[in-house]
Amino acid sequence: MIVPSGQPSRRDVLKGIAAAGALGALAPFAPRPALAADKLVVGVIYVGPRDDYGYNQAQAQAAAAIKKMPGVSVVEQEKVPETTDVQKTMGSMVEQDGATLVFPTSFGYFDPHMLRMAEKYPKIRFAHCGGLWTEGKHPKNTGSYFGYIDECQYLNGLVAGHTSKSKKLGFIAAKPIPQVLRNINAFTMGARSVDSKITTQLIITGDWSLPVKEAEAANSLIDQGVDVITCHVDSPKVVVETAERRGIFVCGYHANQAALAPKGYLTGAEWNWITPYTMHVKDAMAGKPMVNFLRGGLKEGFVKMSPYGKATSDHAQKAADGVKAQMLKGGYVIFKGPLNDNTGKTVVAAGTGHKQTDVVLEQMNYLVEGVIGKV
Amino acid sequence: MEALGWWGVPIAVLGGAIRVSTPFLFVSLGECITERSGRINLGLEGILVMGAMSGYALSYATDSPWAGVLAAGGTGLALGLLHAVLCNLPRVNDIAVGIGLMLFGTGLAFFLGKPYVQPKAPTLPAIPFGAWSGSPQIRAALQVNALFLIGIALAVALAWAFRNTRWGLVVRMVGDSSDAARAMGHNVALVRTFATAVGGGLAGVGGSFLSLYYPGSWSEGLSSGQGLMAVALVIFARWDPMRCFYVALLFGGAGALGPALQSVGVTSGYYLFNAAPYVVTLAIMIATCSPRRTLAGAPGELSINR
Amino acid sequence: MARAPTGRAARAAEALVVPLGALAAAMVVFGLFMAVLRQNPLEVYALIYQGGFASAFSWQNSLSRAAPLILTALCVALPARAGLMVIGGEGALVLGGLAAAVAGHLVAGAPPTGVKLAMAAAGMLAGAAWIALAGALRQYRGVNETISSLLLTYVAIALFNHFVEGPLRDPASLNKPSTTPIGDANMLGPLPGLDVHWGLGFGLVFCLLMYVLVRHTTYGFALQIVGGNSRAARLAGLPVGPIVLAACALGGAAAGLAGMVEVAAVHGSANASLIAGYGYAGILVAFIARQNPLAIVPVAVLVGGISASGGMLQRRLDLPDATVLVLQGVAFVLILASEAVYGRLKVFQPARA
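These remarks concern the structure in this document. (Residues numbered from 1 in each chain as written. Chains lettered and ligands numbered in written order. Predicted model: local features only at pLDDT ≥ 70, side-chain atom pairs only at ≥ 80, totals over all residues.)

**What to know about the overall build of chain A**
Summing up its helical and strand segments, chain A has ten helices and 17 strands in all. Taking 21 Å as the expected radius of gyration for a compact globule of 375 residues, we find that chain A reaches 21 Å, a close match to that expectation. In terms of overall dimensions, chain A has C-alpha extents of about 60 × 55 × 35 Å along its principal axes. Looking at the 375 residues of chain A, the share that counts as buried comes to 59%. Across chain A, contacts joining residues at least 24 apart in sequence account for 66% of those joining residues at least 6 apart. (Helix = DSSP H or I, 4+ residues; strand = E, 2+ residues; numbered from the N terminus. Rg over C-alpha atoms; globule rule 2.2 N^0.38 Å. Buried ≥ 20, exposed ≤ 12 C-beta atoms within 10 Å, placed from the backbone. Contact = placed C-beta atoms within 7 Å.)

**Description of the pairing of strand β10 (residues 265–271) of chain A**
All names here are of chain A. Most of β10 is tucked away, with seven of its seven residues classed as buried. The sheet contact formed by β10 and strand β12 (residues 303–305) spans three bridges and is antiparallel. Note that in β12 the partner of Ala269 across the bridge is Met305. (Pairing = 2+ DSSP bridges.)

**Focus: the sheet that holds strand β6 (residues 168–173) of chain A**
Residue and element names in this part refer to chain A. Strand order in the open sheet formed by seven strands is β12-β10-β9-β8-β6-β7-β17, and the pairing between neighbours is mixed. Two strands bound the open sheet, and with one partner strand each, they are β12 and β17 (371–372). Strand contacts of helix α5 (residues 150–163): β6, β8 (228–232), β9 (249–254), β10 and β12, with the helix running at about 175° to β10, the strand carrying the most contacts. In the packing of helix α7 (residues 211–223) onto the sheet, the strands contacted are β6, β7 (199–204) and β8, and the crossing angle to β6 comes to about 165°. (Axes fitted to C-alpha atoms, helices over the stretch in contact; angles between N-to-C directions.)

**Quick look at the interface of chain B and chain C**
Listed as interface residues are 38 residues of chain B and, on the opposing side, 35 residues of chain C. Among the secondary structure elements, those contributing two or more residues to the side of chain B that touches chain C are α4 (94–113), α10 (226–236), α12 (270–274) and α13 (276–288) of chain B. By residue number, the principal contributor to the side of chain B that touches chain C is α4 of chain B, which donates 13 residues. Grouping the constituent residues of the side of chain B that touches chain C by class yields 29 nonpolar, seven polar and two charged. (Nonpolar A, V, L, I, M, F, W, Y, C, P; charged D, E, K, R; others polar.)

**Section: helix α10 (residues 314–329) of chain A**
All names here are of chain A. Spanning 16 residues, α10 covers 22 Å between terminal C-alpha atoms, matching the ideal 22 Å at 1.5 Å per step. Every buried residue of α10 is accounted for by Ala316, Ala320 and Met327. Down the axis of α10, the buried side of the element spans an arc of 15°, and every buried residue falls inside it. Exposed and facing more than 90 degrees away from the buried side of α10 are Asp314, His315, Lys318, Gly322, Ala325 and Lys329. On the buried face of α10, the contacting elements are α5. Immediately downstream of α10, the backbone of Gly330 shows phi near 100°, a positive value. (Expected span 1.5 Å × (residues − 1). Arc of directions from axis to C-beta.)

**Looking at the interface of chain B and chain A**
Residue-level contacts link 42 residues of chain B with 42 residues of chain A. Contributing elements (two or more residues each) for the side of chain B that touches chain A: α1 (8–36), α2 (44–62), α5 (136–141), α11 (241–263) and α12 of chain B. Counted by class, the side of chain B that touches chain A contains 21 nonpolar, 17 polar and four charged residues.

**Considering helix α8 (residues 237–245) of chain A**
Residues and elements named next belong to chain A. Of all nine residues in α8, eight are buried, a share of seventy percent or more. Taken together, the buried positions of α8 are occupied by Lys237, Val238, Val239, Val240, Glu241, Thr242, Ala243 and Arg245. Each element contacted by the buried residues of α8 is listed here: β6, α7, β8 and β9. Two residues or fewer after α8 comes Gly247, characterised by a positive phi angle close to 75°.

Below, the structure written as structure tokens:
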């Protein structure tokens, strides 16, 4: 049951219960999807539940969109661990459902799982989320799609910087890996472009989904005086709800969490996977060769911002819209020198800048000046 | 909000102890009753998750979080009863049934809970015990949920009841020696059934705290093994309800320590910090156990003591 | 224990019919549950069959899911023979995987066979030591092994994460922190002619060896006495401590080997994907198999098959992934309850003259 934003009304759920007795809360079960031979069967695999208000929901929204395309039938499987399970799941979609295009959406599915299946099924297209595909190294029937979401995190930071009174921001992250560090840094740099006194306090929880720990992290940040918070965990639900309950502001991540924090939701960094999904599906239907390396930012429509919340001041909106307009034109450089990390070491020299496509950014192993924390 | 720096750590640990300990407290009190009667129920994890789900669902359907708490207790009672009835059968192993129940409970909760992941149910209110303080941190740390207070009252009442009531005496006797209890004319199976069902009910209420107060929503990753940990916690507490309360506070506080230390800049070794409560429990078990005698306070009939 | 051959046959039949009856009952209960939810139970079962057992592909799907469970189930079954209830196989598995990955890296220059042997030895040793620790705590300090092995699992996972993402992390593993890869040449391939990795082969051999050990050796006989009544065994002069520790170590070695297989046949390095819950699933398998090493194999295949069919139910009927958990839960609970039936059915009671 995927609702793009917001939630099913109580009446809908109650109607479902009424329809099928007390156990019938699952009334929205759809009938068996037609697996007609003349349709393009697309398989989508999620690592977690697809209604998590986060990473998996963002993917599921794209799957729901391509489901509406004529001639496309979609089979989905959720909570598939990054073990031989996912290899067999890809195999089942190919062998049992006739899928010819598969989206294994978790980062850890790529190596070795998807690569092994791509070798076994050379005629099937595999499109992986994460940006690992390398020319000459990986097979032609595989590819990766990814978005420069640090652009959105920069805008999140900008809005946060305009909103914060205490000049202290908080970031709750699962693991200190390059993708996450890039978001933390972009968020901090966005905020510090408003006021260089601003700092971001970082808390690492250690895993992608730990609700109680995430709530504790949010509470201790708030106790330390943080008044705007964001995160990079699989499901931002708990962080957003805790912030709302404690009366501070929050920037979303992965999907739109505005419904969870009507008072404090400023804006959010969202994936817009509909763009790459549609491209891959169209190419597959037309029989065109697969585009192996698909990525983009705001300009290309791979990522988007949540609509501003009530708490976002006009001033902050104007400032963010200004930078966003530049990003939409293309060529906006976030990581440009002189840039120091939080130990004082220069990480980007004066006069150089890393464009979004620069692979150096994918090996990020530092926290920029202003982040309180250690890698 | 004024920053507290290092002073924030004890306040966060105190707040965390109050926030995080309640599920531990309820589950361990429930397990305490069950184990005192001579049975162990490892399935409380499954009951906790079922309680969290059914509590949230009922709160959503009725608009009343307290109805949710009741529903969670009822669900827990029913599952506890299932465990008890199965274990009353000859040769059926209580630990194995517990593991089966863990699987069944979590599976059923995930299955039936699907439609409730997205909707927002009304949650339990907090009592602002910190209203006297000018510090927002202290005010937040002392936001206490009524279930926490009920839990304390329950611990006190249970401790008293085990010592001073006929009912408490019977449960203990059944747990210490079923032969003696039988000789006294007590129905051992019935007492154990009752104790296990009540234990399940309390675990269900503990689960509703997770979904209806803290963190306060239903999702499949909600429990990170609190129900399983509570079983170890009871042994740590030597089957004493008051000690269950202290140990639950300790576990809650220990869970808050990691994030609190990071928020003041102690950033390395967070995995090891997170494992601290387990290491401490193990260390205390090693220090207090002896191969020559059973643990002080241990029910003699408990399968894990024989 | 002299028993008429007819008696033995009756016992064997009972051991087969009772759990199968419980399984059938579970299918009825689950079928009713599905019917209440307006799903056609027959269609659900047809899909489970199709997903788990109908074709060569689905068999291989089931078998590859069964492989780790066979080994982790041994980690429960062997200590259980000594009267110990160990539920810490997950910890032994992840540490076995970590040790194997480190060993593979340390001897990377050696010929592949040597590297593989070193990895297997390291994985088994680490697992054996971890479970033997729980056994020793029980034997020499009186610490309950069920609880200690559970706590040790949490500790093992914390250690595993700490090392994989800290001191042992390969700097080249950017967004998926892992240890240094063991290299393609050192990987275990699939079983000949199958798309199932060597873990299955190891599991079968391990089960067979353990069956022989338990049933046909002096050690097995001693183990049976210790498991029956350790006080009596001590009075009879048996070295109870070493016997118990050996059973724990063997079980731990099996789980450690499962971790090594995950590294050497699947992931190529140790990373967080190893923490997949195989250790916990193994508990279930061992209990349904009534701690019998040979029975573990078909039970693991059945559990693997039901898991494999979970995907089919999701994709075809749009049922939640937890559907198969419900089925497994119902089946597990009823099979455990069926223990009570043994010896009660007249059909299986040999006529006593």
